[in-house]
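# Structural features, examined
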Amino acid sequence: MIDDIDRRIVEALIDDARMSLKELAGRVGLSSPGVSERIRRLQERGVIRGFTVDIDPKALGYGLQAIVRIRPLPGKLHIVQRHIEETPEFCECDKVTGEDCFVVRLVLPSIDELDGILDKIADKAETSTSIVKSQPIRRRPPPLAGT
């Protein structure tokens, strides 16, 4: 559980994680040392896991994204998982229940590279690919209200 001040600190950091402690303290009505201590406690409790950079894949030349459902063949799960972990174009991976074991997000410069990446697991897994047309909701934090 987080209180109202913690919630306001987290919301401000979501908007701008590079905000100075002085500015953050002014927003939430605490001293800079008080805010620093609250941030430290939020990190210790695992509420704040880290401070990151949001990179636009298109700006790096990855104009295409795909969502791939992957169903490893019997006995191939660990091999497929290792391949996903070692291939940098797989930028997200969820291990899921149901018929498929993995749902991954793949970034690519163009459609031409898709087969080259998926062919490396073709003899180890069945795949089903959807090309991302747009992303109306980017990954976002869970609601903070009422916590």
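These notes cover the structure that comes with them. This one's a predicted model, so the numbers in the text were calculated from it and none came from an experiment. In every chain, residue numbers begin from 1 and rise along the written sequence. The model is predicted, so local features are restricted to residues of pLDDT at least 70 and side-chain atom pairs to those at 80 or more, both for listing and for counting; the totals for chains, interfaces and linings are taken over all residues. Calculated side-chain values reflect all of the structure's heavy atoms, with hydrogen atoms and water omitted.

### Considering the overall build of the protein
The numbering of helices and of strands both runs from the N terminus, where a helix is a DSSP run of H or I of at least 4 residues and a strand a run of E of at least 2. A tally of helices and strands in the protein yields five helices and four strands. When the helices and strands of the protein are placed in sequence order, the string is α-α-α-β-α-β-β-α-β. Taken over C-alpha atoms, the radius of gyration comes to 20 Å for the protein, far larger than the 15 Å a tight globule of 147 residues would show. Counting across all 147 residues of the protein, residues that qualify as buried make up 28%. By definition in these notes, contact holds between two residues if any of their heavy atoms fall within 4.5 Å. Residue pairs at least 24 apart in sequence account for 63% of intrachain contacts in the protein once pairs closer than 6 positions are excluded. In the structure as shown, the protein presents an accessible area of about 10,100 Å², 51% of it carried by carbon and sulfur atoms. Each radius of gyration reported is based on C-alpha atoms, and the globular scaling rule is 2.2 Å times the count of residues to the power 0.38. The cut-offs for exposure are 20% and 50% of the maximum accessible area for each residue type, with area from a 1.4 Å probe on protein chains only; residues under the lower value are buried, those over the upper are exposed, and the others partly exposed. Using a 1.4 Å probe, accessible areas were evaluated by the Shrake-Rupley method; residue-level cover was limited to the displayed protein chains.

### Observations regarding the packing of helix 1 (residues 4-15) against helix 2 (residues 21-28)
When two helices pack together, their arrangement is given by the angle between their axes and by how far apart the axes lie. In this analysis an axis means a line fitted to C-alpha atoms, helices contributing only their contacting stretch, and an angle means the value between N-to-C directions, from 0 to 180 degrees. One way to put it is that helix 1 packs onto helix 2 with a least axis distance of 10 Å and a crossing angle of 135°. Taken together, the axes of helix 1 and helix 2 are oblique relative to one another. Where helix 1 crosses over helix 2, the two elements pack in a sense that is right-handed. Taking contact as the criterion, the partners of R8, I9, A12 and L13 in helix 1 are, on helix 2, L24, R27 and V28. Under this grouping Gly is polar, as are all residues other than the nonpolar Ala, Val, Leu, Ile, Met, Phe, Trp, Tyr, Cys and Pro and the charged Asp, Glu, Lys and Arg. A per-class count over the contact of helix 1 with helix 2 returns five nonpolar, no polar and two charged. When describing relative orientation, an angle under 35 degrees is termed roughly parallel and one over 145 degrees roughly antiparallel, while 65 to 115 degrees is termed roughly perpendicular and anything else oblique. The handedness criterion is simple: a crossing whose near helix is rotated anticlockwise from the far helix by less than a right angle is left-handed, and one whose near helix is rotated clockwise is right-handed.

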